[in-house]
There are 2 protein chains.
Amino acid sequence: MATIKDIANQLGISISTVSKGLNGASDISEDLRQLVLDTAVEMGYSTKRSKKEEFRKLCLFVENMEYETIDSFGYEIVLGFKQNAFRHKWDVTVVTISPEFQKKERYDTYLLKNGYCGAFILGLALQDPWMEQLKTTTMPTVLFDNFIDGNPNVGYLGTDSYEGIHMAVEHLVNLGHKKIAFMNGSLYSLVADQRQEAFEAAIKEYHIECNKNMMARGYFVADSAHYHVPEFLEEGATAIVCGNDLLAQGVIEYCTSIGYRIPEDISVIGFDNIPVSATTEPPLTTIAQPRNELGKYAYFILNSLILHIAISKSLLRPQLLERKSTARVKITEIPPKESKKKK
Amino acid sequence: MATIKDIANQLGISISTVSKGLNGASDISEDLRQLVLDTAVEMGYSTKRSKKEEFRKLCLFVENMEYETIDSFGYEIVLGFKQNAFRHKWDVTVVTISPEFQKKERYDTYLLKNGYCGAFILGLALQDPWMEQLKTTTMPTVLFDNFIDGNPNVGYLGTDSYEGIHMAVEHLVNLGHKKIAFMNGSLYSLVADQRQEAFEAAIKEYHIECNKNMMARGYFVADSAHYHVPEFLEEGATAIVCGNDLLAQGVIEYCTSIGYRIPEDISVIGFDNIPVSATTEPPLTTIAQPRNELGKYAYFILNSLILHIAISKSLLRPQLLERKSTARVKITEIPPKESKKKK
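In this convention, every chain numbers its residues from 1, walking through the sequence in written order. Starting at A for chains and at 1 for ligands, labels are handed out in the order in which the entities are written. Reporting in this predicted model follows two pLDDT cut-offs: at least 70 for local features of residues, and 80 or more for side-chain atom pairs to be given and counted; totals over whole chains, interfaces and linings ignore these cut-offs and use all residues. Excluded from the side-chain calculations are hydrogens and water; all other atoms, namely the structure's heavy atoms, are used.

S.K.: Can you walk me through a nonpolar patch on the surface in this structure?
M.R.: Residue and element names in this part refer to chain A. Each patch is built from salt-bridge-free residues with over 30% relative accessible area, joining like charges within 9 Å and nonpolar side chains (Val, Leu, Ile, Met, Phe, Trp, Tyr) within 5 Å. Using a 1.4 Å probe, the Shrake-Rupley method yields the accessible areas, and only the shown protein chains count as cover for residues. A side-chain nitrogen of Lys or Arg and a carboxyl oxygen of Asp or Glu constitute a salt bridge if their distance falls within 4 Å. Together, L126, L187 and Y188 give the surface a local cluster of nonpolar side chains, amounting to about 320 Å² of exposed area. In this text, helices come from DSSP runs of H or I with a minimum length of four residues, and strands from runs of E with a minimum of two, each type numbered from the N-terminal end. For Y188, the location among the structural elements is in the loop between β6 (180-184) and α9 (190-205). You can call Y188 exposed: its relative accessible area is 52%. Residue burial is assigned from relative accessible area. The probe radius is 1.4 Å, only protein chains are included, and a residue is buried under 20% of its type maximum, exposed over 50%, and partly exposed in between.

S.K.: Looking at this model, I keep getting lost on the sheet that holds strand β7 (residues 215-217) of chain B. Mind explaining?
M.R.: The strands making up a sheet associate through hydrogen bonds between their backbones, and the pairing can be parallel or antiparallel. Residue and element names in this part refer to chain B. For two strands to be treated as a pair, DSSP must find at least two bridges joining them. One open sheet holds the six strands; their spatial order is β7-β6-β8-β9-β10-β12, and the pairing between them is mixed. Of all strands in the sheet, those bounded by a partner on one side alone are β7 and β12 (319-321). Pairs of neighbouring strands in the sheet enclose a mean axial angle of 15°, with direction left out of account. Sheet analysis places strand β6 (residues 180-184) next to β7, joined by three bridges and oriented parallel. Bridge assignment links F182 to a residue of β7, and that residue is M215. Sheet strands touched by helix α8 (residues 161-174): β6, β8 (239-242), β9 (267-272), β10 (285-288) and β12. Its angle to β9, the strand with the most contacts, is close to 165°. For this analysis, residues touch if any pair of their heavy atoms sits within 4.5 Å. For helices, the fitted axis covers only the stretch in contact; all axes are lines through C-alpha atoms, and the angles between them, taken along N-to-C directions, range from 0 to 180 degrees. Across the face of the sheet, helix α10 (residues 224-234) comes into contact with β6, β7 and β8 while running at roughly 160° to β6.

S.K.: Can you walk me through the packing of aromatic side chains in this structure?
M.R.: Any pair of aromatic rings gets described here by the distance separating the centres and the angle formed by the planes. Any Phe, Tyr or Trp ring, taking Trp's six-membered ring, that has another such ring centre within 6.5 Å forms a pair; planes under 30 degrees apart are called stacked, those over 60 apart edge-to-face, and the others tilted. Tallied over the full model, the rule gives 25 aromatic pairs over all chains. Summarising the aromatic geometry, the rings of F61 of chain B and Y107 of chain B are spaced 6.0 Å apart at their centres and angled 55° between planes, so their arrangement reads as tilted. Of this pair, F61 of chain B sits in strand β1 (residues 57-62) while Y107 of chain B sits in helix α6 (residues 107-113), and the two are 46 residues apart along the sequence. For the pair shown, F61 of chain B and Y107 of chain B are each scored as buried. In textbook terms, an aromatic cluster arises when at least three aromatic residues are bridged by ring pairs, as seen for Y297, Y299 and F300 of chain A together with Y297, Y299 and F300 of chain B. Charge-over-ring contacts are defined here by two conditions on Lys NZ or Arg CZ: a distance within 6 Å of the ring centre and an angle within 35 degrees of the ring normal. In this arrangement the basic side chain of K57 of chain B is found over the ring face of Y116 of chain B, its NZ or CZ atom lying 4.9 Å from the centre.

S.K.: How do you make sense of the confidence of the model for chain A when you look at a structure like this?
M.R.: The predicted coordinates should not be examined in detail at positions where pLDDT is low. Residue and element names in this part refer to chain A. In this model, chain A carries an average pLDDT of 89, and 93% of its residues clear a pLDDT of 70 or more. For chain A, the element scoring lowest by mean pLDDT is helix α3 (residues 30-42), at 79; strand β10 (residues 285-288) scores highest, at 98. Complex prediction metrics read pTM 0.79 and ipTM 0.74. The predictor's confidence in any single residue is recorded as pLDDT, a number from 0 to 100.

S.K.: Help me understand the relation of the copies chain A and chain B, please; the structure alone is not making it clear to me.
M.R.: In this arrangement, two copies of a chain are superimposed by a rotation about an axis accompanied by a shift along the axis. In the superposition of chain A on chain B (RMSD 0.1 Å, axial shift 0.0 Å), the rotation amounts to 180°. Both copies of the chain, as the preceding transformation shows, are related through a two-fold rotation axis. When C-alpha positions in chain A are compared against the rotation axis, the closest is assigned to S314 of chain A, at 2.2 Å. Here 100% of the interface residues in chain A have copies in chain B that are interface residues too; the copies meet face to matching face. Least-squares superposition aligns the copies on the C-alpha atoms of those residues with pLDDT at or above 70 in both.

S.K.: What is the right way to read the pairing of β6 of chain B from this model?
M.R.: Along any regular strand the residues' side chains alternate between the sheet's two faces. Residues and elements named next belong to chain B. The buried count for β6 comes to five of five residues, which makes it a mostly enclosed element. Residues I180, F182 and N184 of β6 are buried on one face, and the alternating residues A181 and M183, pointing to the opposite face, are buried as well. Relative to β8, β6 is paired through four bridges, and the arrangement is parallel. Bridging across to β8, M183 finds its partner in C242. Since β6 and β7 lie parallel, the crossover through helix α9 (residues 190-205) that links them has a hand, and here it is right-handed. Note on handedness: a crossover is taken as right-handed if, strands pointing away from the viewer, the path from the first strand over the helix to the second is clockwise.

This is the structure:
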């Protein structure tokens, strides 16, 4: 566990300044104080809380999502949430869950018996046992990428998929692409539904033909690409929008393996901006989710729900990151290659 | 202007306790401190801020909306915003604006020259001059009921119209209604668009015929009802969903004037829960917007935007308030009356 000295070394400031930051002294700047607090959380510093504050505990449940290493999707979300909660004097416990865990433990009971005032849940799937219980939970809860109809205790937080996919299609249209395919993610995912709807609306807006053979839904994993990309290429796709960065990596891998060059022959664009997407070959153009901000904002929503402000939906803005996997379409359309294999 | 003594009298507590609440002393409870602060704002108390804090100013622009009296739609929104801002040591100035004002003053320039760090805007219309400038503003801005595409500095806040209209239709369907009309508001309003879409989706979900003669868009004022309700009645409507409470009042007034009884002959349901809707004859069943919470939450969003968390959309939950203007449908359908007049 990091000590005050470790934090001081990391930031190159004195121990007494770190101490002031941690204890809310008024003679250091607000910016510095926040930096000290953020760094303390990131380095795993924790302090004994006073008796009075001991009951202020929040739970962060994680399923279907990596978060422990800095290159994982969930890392910055978890970190942002903990940073903001810490700043407002809450303790956060991270608990990884599975469908089996959910079958064994009732949601409300689990929170109550462990003294949590509320929870933030990452990665729950639509068919998970707790989804049903969340319809009637009385515990303030923020769901990442999931929506519960009609329960004022549950808020939905995500990145605006509609705006993100629109940005992706607009970017490709501006590069002259007219044959744009969509490699989307899982059928049991709210965001995949939203991205599907957004894609269809965007291609309609830009008067691009809606070709069912150029849209596919696999899973949010790289392998899905192999099953669907051959058909996209047969149909003459010059660009492929992907439901997330892992799918985009699968698309690039497959296209490269059969002799297509990225971006000369095919432009590929991802979604999420997972850390590794900056260093793939070529570096991936993608729609970034503001993950640290999502985590920070999740705290604000949860705090509001605890204060009986019934937040229903909150969406953050995505951002287009242009790297090297998209380029202007070739003037002549690419003839379908001979070497296509279809699984 | 209210003094500390006035606040003490209002709450029935000592002057020293009020003083502790205003100055953040640690020996009173957090709940009491918040009550003191909320009451201070509501009573118009203001204090001199220190030099250091003087730059922390927010602006609240209001157009097309009453907010000064307790029975007006905007009162609780403005109050909630000021209460939360005050609690976090911001000064708030309320400025009423018109299209002329917007033509004269550039948005960003106005905020900068007056030293505002950000703004919350109520009641802007889609065709207003500032709507164009908001597409590129660099000032953190929260818009009530308006959305700006693609600008990370502008967040949209509202009540979930979709969920609200769904609740209204579900309530009527549960009362046995099958012929449900929709008296919607202005054509130049984002929320009226959303409520229209929501109504069409809801009646589809409940297998109710989508009859174009049973859907109308007027303005968000009572008079609009007179132009459209006669046709609803001709078509045999047994219930009318209204885009807001003012329209619902117009509908009730018109129906009553031609001899229909509310709710025996026609059920009417509003949207907003403006204060007067509890005391109309009959008291109005309506979909409540949580106005104080909307104001409070607007502050959280604005603060997040100032901290560079790019909130795109935030929706709060509506609530169905069952009063006396809706009832179970009569078993025999009502024959159209003779006395209908159509303007």
